[in-house]
Each structure stands twice: as structure tokens, then as C-alpha cells.
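Observations on the model geometry
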Amino acid sequence: MDGQEEKSYVRLPWYGVPRLMPYIRPYRKVLLSMVALGCLSSLIDAVFPLFNRYALDTFVFGRDLSSAPAFAVIYLLLLVGFVMIDFVTLYWCCKVEINIGRDLKNTAFSHLQTLSFSYFNQNNVGYVHSRIMSDTARIGGLISWRFMDIVWNGSWLLFMIVMMLIVDAYLAMFVIVLVPVTAVIIVLFQRKLLPLHRKIREINSRITSHFNEGITGARSIKTLVIEERMEGGFFEETEGMKRVSVHATRYSSFFLATVILMGSVALSLVLMVGGGLTIEGAMRISTLSVFTTYALNIMEPVQGIIESISQLIQVQVNIERVTRLITTESDVADSEEVIAKYGDTFEPKKENWEELHGDVAFEDVTFMYPDGDENVLEHFDLNVPHGTNIAIVGETGAGKSTLVNLVCRFFEPTSGRVLIDGRDARERSQLWLHSNIGYVLQTPHLFSGSVRDNLRYGKEDATDEEIMEALRLVSAEGVVKKMKGGLDADVGEGGSALSTGEKQLLSFARAILADPRILVLDEATSSVDTVTEKAIQDAIATVIKGRTSFVIAHRLSTITDADEILVVNDGKIIERGKHKALMKQRGYYYDLYTRQFAVQSVEHAVTAQ
Amino acid sequence: MKRIMAQHKKDPVLTNGRFTNNREMLFYFLRGSKRYFVLSAVMAMLLAFSGLVNPRVIGFTVDSVIGEEAFDLPGVLGNAITNLGGREYLRTHLWVIALFVIGVALLNAVFRIFFRMGNSRGAETLLKTMRDDLYAHIIRLPFTWHGAHQTGDIIQRCTSDVETVKAFLSEQLVMLFRVGVLILLGIVFMFRINLTLAVITVAFIPVIVGNSLYFHRKIAKAFKIVDEEEGRLSAIAQENLTGVRVVRAFGRERYERERFEKQNDVFAASDMRLSRIFVVFWSIGSFLSRFQIFIIMFAGALMCAFDVISAGHYIEFMGINAMVSWPIRMLGRIISQMSRTGVSIERIRYIMNAEEETDAADAVPMPEGGDIVFDHVNFAYGDKGRVLKDVSFTIRAGETVGILGGTGSGKTTLMALLEKLYDLPEENGRITIGGVDIRKLKRSDVRAHIGMVLQEPYLFSRSLQENITIAKKDATDAERDEAVQIASLDETVKGFSRGYETMVGERGVTLSGGQKQRTAIAQMLIRRTPVMIFDDSLSAVDTETDEKIREALRERTKDATVILIAHRITTLMLSDHILVLDKGRLAEEGTHEELLARGGIYHRIYELQMQAGLEEEE
């Protein structure tokens, strides 16, 4: 998580809005109409107090009720008009928010499909996921609502000032003068508040990880008898949270009180100056009344505008994250010539694709991960004729996936070449290569949907007969038969309706259905029962037959027949050869093997009993 | 998404527990914050009251200063003004009124600040109390509870449900009170001014609140659908990201994009449906409010024209009306939101009602040392089959004991019982330390006496230093270095550029399985417990290091009792005494030589392991 836990605050020119122009542009007409309607609604809002003035002048003091019906009708019509304008504006506001959010999500998601693995290695799933889901939603809300808030409040403020100036310019000056003063006060308070809010968010996420630690580490906490110590650390964090939050409220309540106080100051000025004028007869009571309304209302839009801006400041970070995701360039990309001939990720030109035989070769390959600082492969050569079985072994985290990543062109060599059927992998498109590779993961990954959908992942147009045949080959018909609805049965989110072993069998069937020339198997580390274990071993034997295969093995007993075993430690290949030869060396592989064998021997001895 | 999933699954009904109902628990949580909330409630009343002064001042100025109406003021204030010179004085000294307005405004500001500060202090104190209580409670719940519940779900309850409850008390409840006071006071003032106008205002309240309640029910329903659709979309993105290798390897980027865009449209459409309801609701509310204002204005003006009320009173009434109009619109929203809080409180109560680990009331002090005896121990997890079947053995103080057994043979259960992670039921035999039944000992004493290294140790997201010394805060550097050396972790530490300050755990560097195990060993060694359990905790360490660690242990911790669980005969063969477990039974027991001579399971395992070594020699 830490790698991506970047600044929660960035400063972009114009709050980052220019970067969003491509996504705003389709809605610019709607947005412009929203501005027009918003201004109109503010105008009506600013005019309403004048009706009050008319009522006072004509009905109350003038005692003339002849215009009353007309007054009522006009007022009500205006009211209905006002509500309808607001209705339309609000509706468009929602629409723009939702549509921009949707567009951004689509763009971000489909861009992600083209990014290379180094992106996914450097950014964890949770991080990328919230880029697609929550950041985009926040931006949508920003563009529509914050934008409209500024339009509404800005025009309301403007029209109120205009109305006051029209009604009585002299008295208006006393109110207007207070506006910039209030604005400055609000800005000063907001400046203090922003860093506090950031801090609160930071502490909050720390509190969540404390909870996580307290729950996942429960057993360790108990055996180490450190309940009180853990609790102490947690209480400190919540105390800090309380302190900062109360501190922030102190600012915000002073700030709010000041804004309202300024409204009262405006009112007192109106009463003093306006009252004097009225007594002198230079002003009507109705005008004084209207002015008291304006005075009490005028600080509201000022506050509204500044709060919107402060939200804009906070959303910059979301804009930055999303636009960076969208503009990230893949470090594994097909050249233009390749795309011209073979097509791209979404529009393949299958008619130009050559058949793949399955010869793989590493030629003087040196490789360093983009985020690494050390070569993990140096001048590495490996020749894998089609149909050969290569096993890669080593401890968890030792770097077993590196070779596979290069074969699949999830990464490209820093220097040297990876040859597929004798030609540099970069001469053909990624999709071409991937369409010929089968990949079975150690944590089998199924997608929510039916069994059929999942199996067809390997071959879009597979018939049920083909699917059943594939299932039979890996002895997984039982799994499907057991499920209600057979091939139509829902596997649940991430295949949650199935056991790990069953998911594994299905993922073998999926790989077989695709009938790939090159097969990559990442063997399961999680334990499954012995019957399933046997079924999986048989399935592996079946699927690798006749294909070039790379098996990342955890159970060494399963790979003793491999054509070549590569032993990886600390990211590097330290031993290579056939099983017997490696055992004779009495090196790292030997140690690894005997350690594993100890566990097995115990199980064997017990079951043999 | 997680949220919906969590709420779909109903918690089992708790019949007994600490809190019999939600209210009881809320009061318990409120123990440090009640006074702040009371303070803010008092301030809310004063605030509402002082807010009503402005319209009164305006009305008074219009009627009695500018106009000729009689003074309508409370006694003291009226007398003061009369003494000064009455209307004429005010007419020439309008600044007195201005000053009064500012004075009241200042008072209002003070009330407002105290109201908000009181509320915030209350809310934050409450939040802290809830979180602290939950955390302290959760880490003291029995281990079985943790095993039975999902981490994500518990965290959800401790974060967003807690926030919901806090918002309920500090925002909704306080807001309801404030809004209620404001409306009530406003209406009282209105009735003082004019009955007819006040009745019109009151008549509108049920209409506006009713509209709000009606729509909020619809909104809640639509919102649930949006939430579900978003969950589906979120799941597609999640699956795509976690399965990125599969997507790429099968070249299914296009399919994934179509799948996502399709659901994105569905989600956007559901969101639009929600927005439509919301916009209609908002517009109707806005219309009703403004229509009410119009009615008051029009009726008031007519009444003025017929001299039913004065112009000042009319203006004042309009002022009060403007002040209560927003609170009335808020009322429906607050009420409908409050109903949703019950679920969150219930979810928190479920955790709070789970029973913590307890010690016997008549707990006796921990014996100085002595033998550990398992006496006819039987054990089963819940109603599943027995994991331990009539196991009896003795571990003498200072002895090194090896335990060997296959998966599910009960090794770990044995140790968990000894460590009091699980309770041994009364009728299932007994375990004694120094002759005392461990049921009579305090958990913390037993765990302080018996250190244990888990097979898959958990490292905390802190520095290596903090992880190693976590159970002994005052450990000296020498103590730390010694533990690290015995655990053969010294080279690893040196290998890190930041040495002991290297961050490990979830947010730190990734340690290999062996490094983790060795860190956990150092973590335990530093505690210098009389008994040490290694629960298969050398499994990821290479043979050579395994030997080195055991050698160092033998030399440096001579007096300690060591219990070694392992699969490698070489790890166990030097133990004073070896136990072989098979499917919950103690199958064989003795020294390495004795067991070999017996020709049973141990012998067979030995043969197999030696053979594997030999075979490669040919």
C-alpha cells in the first residue's frame, strides 16, 4: 500500500480543470444552458424581495388593493417559472455529473486494459480500483455541482448587489463594502482548515489499518500478551484524531460565526443609516425592509463560492490521479508497423496472424524490473523447443515469475531478445502472442458469471460439447455436474461458490479449451485435499502434453520429470538442470527438496499405516 | 459493495450479552461525552432564541421608532429606553439600535461557537470512546471469534457503522433538537404576533414534512438499487484488476471493456433514475416552501391593509418565517435518515455483545515452574469431530520435546490449548502446569509463561526493531542483539540498508517465509519465557540455519522447556523426548532411539526421509 500512498494534496494550474476539457467538451452546450438558466433563477431569486417592497408600498401603506389579484398571479407565475427552471437545471446537473463520471470510468478502464504489467506491479489493486471508481465519481460531481454552485452563488450575489444599487445606491454601498471584508475572512479561515482536513483523513486511514492489525494479528497479540501495548498505540491515535478534529471545528465554528456576524453588521448598518433616512423621509419603510432582507442574505453566496473553491482545491488530487492514469503510457507497446499489420488490443486483424508453433528462446537477455535497481537476469540464454517442459522453482517471493513474464511479454528484456518461433516477440502484436498462451494461476481466478462464461473465456465460440470435452480431459465434469444448473450455474464473485481445488480444475479446462501452444502454469500453494490434489496432478500432466510449458512449481515432487529445472533465489537463477543432476549437486535445490519431502514423508507414513 | 454484502448477511440473533438493547449500548458509549451534548443542546436553545431577536428589532424599528406605535418591549429594556428619552432619543441616536443589533449578534456568535464546539467535542469524544471500546474489546475476544468472522466485515463495522452512529448522535439528533427548538420558538413568536398567520404556517408543516418523508422512502429504495449496480460495476473492475494476468493471457481485453461499459451504462441509468426522483422531490419541496412564504406575505399584507397587524409586526413575521422555513424542510430528511441508523447500531452491538476471554474468578498465581502435564485430554471444535482423543503425556521442566504428526493430527490444537487460546471443557480431561490446572490460571500469566512462535507468523506494520521488541518495550540493544543472533536473523538485518529501522509487515519490505519465521523467533526469545513452543516455525528455514538456531537455543537457553513441532526428523532427533501424534491420538512416545527401535510410524518416516537423502547419492 505504501508505495502509492502519495500526497493527498497537489496544486494544478486552474485546479486541474483544463486537463478535463476533453471530457467536458461533449457537454459544453448543456453546461452553457445551465449557466444561462442558473443566472435566470438567481435573478428571480434576487427580485423576489422587491415584490415584498411592492406589497408594503401599495397594500400596506398605500391601502390600495386593486392590483392585489394581478400581483398574486404574477408572483405565482414567477414562482412556478422559478421552480421549473431549477428543476431543469438540477436535472441537467445530475445528468452531466453521471455522464462525465461514466465517460471517465470507461476511458480509465479501457486504458487500463492496454497498460503493461509494470503498472500493476507498482500499483496495487485497491489503489487502481479507487482511481476507476471513486475518483471519477468525485470529478463528475465536481464539474457539475461545484460549477453550478459557483454560477448560482456568483450570479445571486451579483444580482443582489445590482438590485440594491437600483433601489438605493447610497445605502447599498454600506452593505457592499462588507462583502470583500467577509470574503477575506472566509479565505483566511479556509486556508487554516484545509491542512487540518487532510490530516484528519490521514489519521482516519491509519485507524483503519490499526483495526486491520488488531483483527488479522489477533493470534500473535494474544500469544505475545501485548493487548495493552497495542491498545495504547491505538488510543494515542484516536486521541490525536480527536485533538485535530476539535481543532478543526474551532476554526470552522469561528468562521461560521464570523460570517453570520458580518450579516448582522450589515443589518445594523442598514438599520442605522436606512432608519435615519426613513425618519427624515428620504426613504420608504418598504425599501428599508427590502434592504434588511438583502443584508441578512448577502453573506450566504459569498460563503458558498469560497466553499466551492475550497472543494475544487481538494478535488485536484482526484483529477491528478485520474488524468495520470489515463495518460500513463504502457512500457510494453506494439510498434506502429506491428499495429498496422496485426491490429491493436481492441481491433485485432486476425487475418494477418501467423500460426504459432511454440519454440521459445532467450537470447542474451538482461532484465531489470522497471521499478527495480538490479538486473535479475544477466546475459541469460535458454532454448525451449516446442513441446519442452520447463520447471521453475524457488521460495515465495524469490522471483519465479520473471521468466514467465518475459515469455508472455508482460515485460520486455532490458537488452537481448526473446524469440518466439525464431522471431523477436516484438515483431508481432501482444494480442497475437496472448491468444496463443494458456495461463493457469496459483490462485485460480474465475470471473463472476456462469461456468460456461468462464470456460468460454478461453474460446469465445466454444460449443457445449467442446466445453464438456475439455472438462472431461481434466476430470472436472464432476464439479459441474454437482452444481445446480450445470454449465449455467453461477460461480459467484471471484468463483466464491467453488472450492479452491474446483476452481483450479475449471481454470485448467479453460486453458485447454483455448488450445494454446504455450502453457504457463503457476502451481497452487494452498493445500487441497488429497483426492483433488491427485486430480490436479493428472490435469497438469494432460494439459502440458505436446505443448511448450513453463511450470512454476511449489511441490517439487511434481516436476521431477521436467526437461529442465531452473532454481531461483533472490531474483536470480542459481541452479539449472534436470532433477537428478540438481540433487547430486547437494545445493539449494537439494535443500528445498529434502525439506519438502520431510512434510510429505510424514503424511505418507501416516496414511500407509 | 462490501457494505451491501455485509448487510445482506444477517447476524445471528443474540439472546444474551452485555447490552440487551441498542439504547443501553448508546448510553454506555455516551459516558464521557454526555455533558458536551447537554451543553450544546442548551446552546442550541439560546442560539434559536437570540436568532429571533433580529426580526424583532427590525419590526420594533419600523413600528415604534420610525412609526408611531407604542413600545412593545420586555420591561427592563422598555424602561431603559423610556429613561433615555424614548422614541425621540432613538430617532436621533439610531446607532443605539445598531449597537444593540451587533451586541445581540455577538452574543449569537458566542452561542453558535459554543454550540458547535460542544457538539464537536461531544461527537469526537463519542467517536473515540466507541472506537477505543471496540478495539480493546476485539483484541480480547477469543481466537475462535476471529476465526469465525471476516476481517473486512468487522472493519466495516468499526469504521463506517461507527461513523454512522456518530453522525446520528452528533448531527441528526442534535440537528433534530435544534431544528425542533427553532421551529417551536419561531411558532411561539408567530402566535404572539398573529394567530391567523401562525396557523397558516403550522398548517404547512405536515405538508412539507410529509412530502419529504414520502420522497425519502422512494429515494432510499432507488439508492439501494444504485448501490447494488455500483457494486456490480465495482466487482467487474475488481475482477479485471485481480485477474489482469488471465485477461492478458487470454487476450480478452476487448470483451472486458464491453462487459464494463455495459454495466457502466446500467449503473448510470439507475443513478439517473435516482436523480430524477431526487430532483422532483427537491422541486416540490422548494415550491411548497416558497408558496408558503407567498401566502404569508400576501395574507400578511392584506391584514396590514385592514389594520389587523402593524407593518413592523408584518415585517417581523416575514423575518421569522424565513428563519423557520429551512428547518421545516430539513425535518423530513433528518427523520428519514435516523431510521437507517438502527441497522448500524445493531451491527456494532453484535460485536460488543460477543464475550471476551475471561479468567476464572478464583484464579491462582502462576506456579514458578514445573512439569506440564496433559491428562486424558479430549477436544473438538464446536460440534465437529474430535481433534484430540484421550491424549496424556508429561513434559518435564527444562526438557526439549519434539512433536511429530501429519496434517490434522492435532499438534497445533494441543499447543493452542496449552496457551489457553481455546478453553478445554470441564469434562475433557485436564492440563496442569506445576501441578495446577490451567483452568485456574490467568490467561495472561500462562501466555507470559509460555512463548509460542506460529507457523505463519504475523508481522506488525512497524520497523523490525519494534516488531522484535514489541512484547518487551524496555529491551536493551544487547538483549535485542542476542535474540536476533540466536534466531540467525543478524545477517538479514545487516543486509537491509536501514537495519533495524527497516519497515516490515503489510506496508514494508516483503520478507521471505524463513525471514518472517526467524523474526518471530527473535520476537519470542526476547521475552525469555520459561517455556518456548516452536509450532512448525522452522519449516521455511534451510536445513543449515535450522541446525544453527537449535544449537544456539540449546546453549543459550539451558533452563527453558522447549517444545518443537516439526516434520524433519533431523530437527527432532536430538530432543529429550519425542511425541508422535496420529489423527488426534498419541501414537508413539520416547527418545529417538527408542522410537526407531519400535519400528512404528516414526521409524517409517525416518526411513523415508533418509532414503530420499540416500537415493540421490547413487
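Residues numbered from 1 in each chain as written. Chains lettered and ligands numbered in written order. Predicted model: local features only at pLDDT ≥ 70, side-chain atom pairs only at ≥ 80, totals over all residues.

1. A few points about the overall build of chain B
As a reminder of what qualifies: Helix and strand labels come from DSSP, where a helix needs a run of H or I of at least four residues and a strand needs a run of E of at least two; each type is numbered from the N terminus. The globule rule is 2.2 Å times the number of residues to the power 0.38, and the radius of gyration it is compared with is taken over C-alpha atoms. Exposure is read from a count of other C-beta atoms within 10 Å of each residue's own; the residue is exposed at 12 or fewer, buried at 20 or more and partly exposed in between. C-beta atoms are placed from the backbone. Our contact criterion uses C-beta atoms placed from the backbone: two residues qualify when those atoms are within 7 Å.
In terms of helices and strands, chain B carries 23 helices and 10 strands. Here chain B has a C-alpha radius of gyration of 37 Å; the compact-globule value for 618 residues is 25 Å, and the former is much larger. Counting across all 618 residues of chain B, residues that qualify as buried make up 44%. Taking all contacts inside chain B whose residues are at least 6 apart in sequence as the whole, residues at least 24 apart take part in 78%.

2. Observations regarding the sheet that holds strand S4 (residues 415–420) of chain A
Residues and elements named next belong to chain A. Heads up, the rule is: For two strands to be treated as a pair, DSSP must find at least two bridges joining them.
The strand order S2-S1-S4-S5 describes an open sheet built from four strands, whose pairing is antiparallel. If you trace the sheet from one side to the other, it starts and ends with strand S2 (377–384) and strand S5 (423–424), each paired once. Direction of pairing for strand S1 (residues 360–367) relative to S4: antiparallel, over a ladder of five bridges. Within the sheet, the bridge partner assigned to Thr366 lies in S4 and is Ser415.

3. Overview of the domain arrangement of chain B
Where interface size is given, it is often the accessible area lost as the parts come together that is meant. The line we're drawing: The start and end points of each domain follow an automatic or database-based domain assignment.
As assigned here, chain B comprises domain 1 (12–352) and domain 2 (372–617). Placing the centre of domain 1 of chain B and that of domain 2 of chain B at their C-alpha centroids yields a distance of 57 Å.

4. Some points on the packing of helix H8 (residues 227–280) of chain A against helix H9 (residues 285–297) of chain A
The relative placement of two packed helices is expressed as an angle between their axes plus a distance between the axes. Residue and element names in this part refer to chain A. The line we're drawing: Fitting a line to C-alpha atoms yields each axis, with helices limited to the stretch in contact; the angle taken between N-to-C directions then spans 0 to 180 degrees. Orientation is classified from the angle alone, with under 35 degrees giving roughly parallel, over 145 giving roughly antiparallel, 65 to 115 giving roughly perpendicular, and any other angle giving oblique.
Interaxial distance between H8 and H9 falls to 8 Å at its minimum, and their mutual angle equals 170°. Accordingly, the angle class assigned to the pair H8 and H9 is roughly antiparallel. Between H8 and H9, the contacting residues are Gly263, Ala266, Leu267, Val270, Gly274, Gly275 and Thr278 on the first element and Ile285, Leu288, Phe291, Thr292, Ala295 and Leu296 on the second.

5. Observations concerning the sheet that holds strand S1 (residues 372–380) of chain B
Residue and element names in this part refer to chain B. Read from one edge to the other, the open sheet built from four strands follows the order S2-S1-S4-S5, with strand pairing classed as antiparallel. The sheet is open, and its two borders are formed by strand S2 (386–395) and strand S5 (436–437), each paired with just one other strand. Bridge count between strand S4 (residues 430–433) and S5: two bridges; the pairing is antiparallel. Paired with Thr432 across the strands is Asp437, a residue of S5.

6. Overview of the interface of chain B and chain A
Tallying the contact residues gives 119 residues for chain B and 125 residues for chain A. Ranked by residue count, the leading element in the side of chain B that touches chain A is helix H12 (residues 253–305) of chain B, at 25 residues.

7. Things to note about helix H6 (residues 178–216) of chain A
Note the following rule: The span one expects for a helix is its residue count, reduced by one, times 1.5 Å.
With 39 residues, H6 of chain A extends 57 Å from end C-alpha to end C-alpha; this agrees with the ideal 57 Å at 1.5 Å per step. Restricting attention to buried positions, one finds in H6 of chain A the residues Thr182, Ile186, Ile207, His210, Phe211, Glu213, Gly214 and Ile215 of chain A. Packed against the buried residues of H6 of chain A are helix H7 (218–223), H8 and helix H10 (299–327) of chain A together with helix H7 (94–139), helix H8 (143–148) and helix H9 (151–193) of chain B.

8. Digging into the domain arrangement of chain A
All names here are of chain A. Selection criterion: Residues are grouped as follows: Ala, Val, Leu, Ile, Met, Phe, Trp, Tyr, Cys and Pro are nonpolar; Asp, Glu, Lys and Arg are charged; every other residue, Gly included, is polar.
Domain boundaries assigned for chain A yield domain 1 (2–327) and domain 2 (358–436 + 548–609). Here the C-alpha centroids of domain 1 and domain 2 sit 57 Å apart. Contacts between the two partners involve five residues from domain 1 and, on the opposite side, six residues from domain 2. In terms of residue class, the side of domain 1 that touches domain 2 is made up of one nonpolar, four polar and no charged.

9. Focus: the nonpolar core
Residue and element names in this part refer to chain A. The criterion, for reference: As used throughout, a nonpolar core is a set of buried Ala, Val, Leu, Ile, Met, Phe, Trp, Tyr and Cys residues joined through C-beta atoms within 7 Å of each other.
Formed by 332 residues in total, the largest nonpolar core has its most connected members in Val175, Val270, Ile392, Val393, Leu505 and Ala509. Top contributing element to this core by residue count: helix H5 (residues 125–176), with 20 residues. For Val393, the contacting residues outside a window of four places in its chain are Ala553, Leu556, Ile559, Ile565, Val567, Val568, Tyr589 and Leu592.

10. Some remarks on unusual backbone geometry
In this model, Arg409 of chain A sits at a positive phi of 55°, which is unusual for a non-glycine residue. Structurally, Arg409 of chain A is set in the loop between helix H12 (401–407) and S4.

11. As for the pairing of strand S7 (residues 518–522) of chain A
Across a regular strand the side chains alternate sides, sitting on one face of the sheet and then on the other. All names here are of chain A. Extensive coverage of S7 is indicated by the burial of five of its five residues. Judged from the four bridges that link them, strand S6 (residues 437–440) and S7 form a sheet pairing that is parallel. When the bridges of S7 are listed, Val440 appears paired with Leu521. Of the strand pairs in this sheet, S7 and strand S8 (residues 548–552) are connected by five bridges, and their pairing is parallel. Each residue of the ladder has a partner; that of Leu519, found in S8, is Ser549.

12. Some details on the environment of Gly186 of chain B
Residues and elements named next belong to chain B. Secondary-structure assignment places Gly186 in helix H9. Between the C-alpha atoms of Gly186 and Leu52, which are 134 residues apart in sequence, the distance is 7.3 Å. For Gly186, the contacting residues outside a window of four places in its chain are Leu52, Ile320, Met323 and Val324.

13. With respect to the pairing of strand S3 (residues 400–405) of chain B
Residue and element names in this part refer to chain B. Across the six residues that make up S3, a large majority, six, are buried. As paired elements, S3 and strand S8 (residues 561–565) share four bridges and run parallel to each other. Bridge pairing links Ile403 to Ile565 in S8. With five bridges connecting them, S3 and strand S9 (residues 577–582) associate as parallel partners. Note that in S9 the partner of Gly405 across the bridge is Leu581.

14. Considering the packing of helix H4 (residues 53–66) of chain B against H7 of chain B
Residue and element names in this part refer to chain B. Put simply, H4 and H7 touch, their axes get as near as 10 Å, and they point 170° apart. Put simply, H4 runs roughly antiparallel to H7. Here Val53, Asn54, Val57 and Thr61 of H4 come into contact with H7, specifically with Ile97, Phe100, Val101 and Val104. Class assignment for the residues of the contact of H4 with H7 results in six nonpolar, two polar and no charged.

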